[in-house]
Amino acid sequence: MSAKTYQVRTYGCQMNVHDSERLSGLLEDAGYVRAPGDAEDADVVVFNTCAVRENADNKLYGNLGHLAPRKASRPGMQIAVGGCLAQKDRDTIVRRAPWVDVVFGTHNIGSLPVLLERARVEQEAQVEIAESLEAFPSTLPTRRESAYAAWVSISVGCNNTCTFCIVPALRGKEKDRRPGDILAEVEALVAEGVTEITLLGQNVNAYGSDIGDREAFSKLLRACGKVEGLERVRFTSPHPRDFTDDVIAAMAGTENVMPQLHMPLQSGSDRVLKAMRRSYRQERFLGIIEKVRAAIPDAAISTDIIVGFPGETEEDFEQTLHVVREARFAQAFTFQYSKRPGTPAAEMDGQIPKEVVQARYERLVALQEEISWAENKRQVGRTLEVMVAEGEGRKDGATRRLSGRAPDNRLVHFTRPDDDVPRPGDMATVEVTYAAPHHLLAEGAVLGVRRTRAGDAWERRNAAPAAGPRGVMLGLPTVGVPEPLPAAPGGCTAR
């Protein structure tokens, strides 16, 4: 009898992406095998949902509806829904889509294999939503999507009360991991061949508030700098309120912390920031940018911006454009405000007409495109060491190029060498010859290739046969997270 197959569909932020790696690890540990490609005939389909955007509900129920006839024609097929939308909607999901077998929340992803088995045996839907974190997720088995780069969660939850955001209500209050546990996970990943890590948290630089150390995050960055074999350290997403000078000093003084910063702005208007309950103002934000640029001149800074927050006037929007011009972001993730039930902003007066929001959004995107292109043009002529990536360049096959990330996280497409072709995880030294708003080109010959342990790890992963299944037991009558496995490798993050 062949092993059952699974597919995990992920929506939302980096935290959800990392949670999906854990869900995949749990399922494989329980004996399931990943379905090839985008196959829709998997035995188990898991939706890891997001609740941040307005269309999240419609997207989920549309996809569930699409699977309903397939499930009806395939006895034994199971559908599970987890993540933030599951935490929010709970029993509503099974009521609206009674063919769903399992609903689980953000705090108990470790329960998934047991819940699937119980749903199969009992022939009825299993809904389990924990109200608080049962075990830190990094104690769970993980199927990493990359052999050379890894997410490392340093905290879960958020203590902020932004009026537009529902995430703290779904992920809970911030809980920090012990520094020793984080570093042990980093060292274990490096031992496996990983050379780049990204530290994750809903508010990553608030790390330490739960353990009573205001400088814990800068200390963690410096400690990562001492991990032998770790070449690149990134983090996302910080909050301007908690972004202190000691963090800037740690970034500038730690060689493997990359010259890249994602600093969410949300609005440039002090009045709107106050209505959003963002505990900083325009002057404070621009002051952070100025300090970072003084300490790390080559830093690429990106941001998040919401257009059309309730009550936003034309003058407020002009203040946002002013900050964009002053900060000169390398990239901006721009969003049109969407009303989310359960958030204070959804009940505010002054909801902006859709056509006004759309017009402002288009003006903001046009300005940022112009700035991104100008900032990328400044990279032309520079020699960069690029970490070769897998799947970053959709046209690489047709153009005979490879793609990867520069230290500042800019995407670089470069000419594929005829000999000594670098593998994903290897480093290629290239000279930038052309800039577009969202990528750089290096059209000349590659200046050098440095084969790395990360490339070796990628090669091993692609050559190794799949591990045998372990299976899953029903467990005791009380539902909960299974006992942590020995030696298991250890957000909306746009805060």
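Worth saying up front: this structure is predicted, and the values here are computed from it rather than measured.

**Observations concerning the sheet that holds strand β16 (residues 401-405)**
Right, so step 1: With respect to topology, 7 strands assemble into an open sheet ordered β19-β20-β17-β16-β15-β18-β21, the strand pairing being mixed. Looking along the sheet, the strands with just one partner apiece sit at the ends: β19 (434-435) and β21 (448-450).
Right, so step 2: Where strand β17 (residues 411-415) lies against strand β20 (residues 440-442), 3 bridges are found, and the strand directions are parallel. Across the sheet, Phe414 pairs through a bridge with Ala442, a residue of β20.

**Description of the packing of aromatic side chains**
Right, so step 1: Taken as a whole and assessed by the stated rule, the structure comprises 4 aromatic pairs.
Right, so step 2: Members of the aromatic cluster, each reached through a chain of ring pairs, are Tyr280, Phe285 and Phe329.
Right, so step 3: Lying across the ring of Tyr61, Arg96 places its NZ or CZ 3.7 Å from the centre.

**Quick notes on the pairing of β16**
Right, so step 1: Across 2 bridges, the pairing between strand β15 (residues 383-388) and β16 is antiparallel. Considered in β16, the bridge of Val388 is made with Gly404.
Right, so step 2: By the bridge criterion, 5 bridges tie β16 to β17 in an arrangement that is antiparallel. The partner of Arg405 across the bridge, within β17, is Leu411.
Right, so step 3: A loop of 5 residues connects β16 with β17, the two strands running antiparallel in sequence, and Asn409 in this loop sits at a positive phi of about 75 degrees.

**What to know about the pattern of salt bridges**
Right, so step 1: Enumeration over the complete set of coordinates arrives at 28 salt bridges.
Right, so step 2: Where Asp298 meets Arg382, a salt bridge forms, and the shortest distance between an N and an O atom there is 3.8 Å. Of this pair, Asp298 sits in the loop between α11 (282-295) and β13 (300-307) while Arg382 sits in the loop between α13 (354-377) and β15, and the two are 84 residues apart along the sequence.
Right, so step 3: On the basis of relative accessibility, which here comes to 47%, the residue Asp298 falls in the partly exposed class.

**Some details on the sheet that holds strand β11 (residues 232-236)**
Sheet strands pair via backbone hydrogen bonds, and the direction of the pair is either parallel or antiparallel.
Right, so step 1: Taken together, the 3 strands give an open sheet; going across it, the order is β7-β10-β11, and neighbouring strands pair in parallel fashion. Each of the sheet's edge strands pairs with one partner strand only, and the pair in question is β7 (149-153) and β11. Each strand axis lies, on average, 25 degrees off the axis of its neighbour in the sheet, ignoring direction.
Right, so step 2: The strands touched by helix α1 (residues 14-29) within the sheet are β7, β10 (196-200) and β11, with β7 carrying the most contacts at an inclination of about 100 degrees.
Right, so step 3: On top of the sheet, helix α7 (residues 179-192) reaches β7 and β10; it is set at about 170 degrees to β7, its chief contact.

**Considering unusual backbone geometry**
Trans is the common state for peptide bonds, and a negative phi is the common state for residues other than glycine.
Right, so step 1: Residue Ser237 follows Thr236 across a cis peptide bond; omega there is -10 degrees.
Right, so step 2: One non-glycine residue, Arg328, adopts positive backbone phi at about 50 degrees.
Right, so step 3: Here Arg328 is to be found in the loop between α12 (314-327) and β14 (331-336).
Right, so step 4: Despite not being glycine, Asn409 shows a phi value in the positive range, around 75 degrees.
Right, so step 5: Structurally, Asn409 can be placed in the loop between β16 and β17.

**Some details on the UniProt feature "binding site: [4Fe-4S] cluster 1" (unreviewed entry) in the protein**
Right, so step 1: Under the UniProt annotation, "binding site: [4Fe-4S] cluster 1" (unreviewed entry) lies at Cys13, Cys50 and Cys84. These annotated residues cover 72 residues of sequence, but their C-alpha atoms sit close together, with the largest distance between any two at 10.7 Å.
Right, so step 2: The residues contacting Cys50, other than those within four sequence positions of it, are Tyr11, Gly12, Asn16, Ala56, Cys84 and Leu85.
Right, so step 3: Position of Cys84 relative to the elements: it lies in helix α3 (residues 84-89).
Right, so step 4: Those residues in contact with Cys84, other than ones at most four positions away along the chain, are Thr49, Cys50, Ala51, Thr106, Leu170 and Arg171.

**Observations regarding the environment of His438**
Right, so step 1: Along the polypeptide, His438 turns up in the loop between β19 and β20.
Right, so step 2: Measuring from C-alpha to C-alpha, the distance between His438 and Val412 comes to 9.3 Å, with 26 residues separating the pair along the chain.
Right, so step 3: Residues within four places of His438 in sequence aside, it is in contact with Glu369, Asn376 and Leu411.
Right, so step 4: Only 2.6 Å separates the side chain of His438 from the side chain of Glu369, close enough to count as a polar contact.

Criteria and thresholds
Residues numbered from 1 in each chain as written. Predicted model: local features only at pLDDT ≥ 70, side-chain atom pairs only at ≥ 80, totals over all residues. Heavy atoms only, no water. Pairing = 2+ DSSP bridges. Helix = DSSP H or I, 4+ residues; strand = E, 2+ residues; numbered from the N terminus. Phe/Tyr/Trp six-rings, centres within 6.5 Å; stacked < 30°, edge-to-face > 60°. Lys NZ or Arg CZ within 6 Å of the ring centre and 35° of its normal. Salt bridge = Lys/Arg side-chain N within 4 Å of Asp/Glu carboxyl O. Buried < 20%, exposed > 50% of the residue type's maximum accessible area, 1.4 Å probe, protein only. Axes fitted to C-alpha atoms, helices over the stretch in contact; angles between N-to-C directions. Contact = heavy atoms within 4.5 Å. UniProt positions renumbered as here; feature names shortened; annotations may be inferred. Polar contact = N/O pair within 3.5 Å; in protein donor to acceptor, adjacent residues only side chain to side chain.

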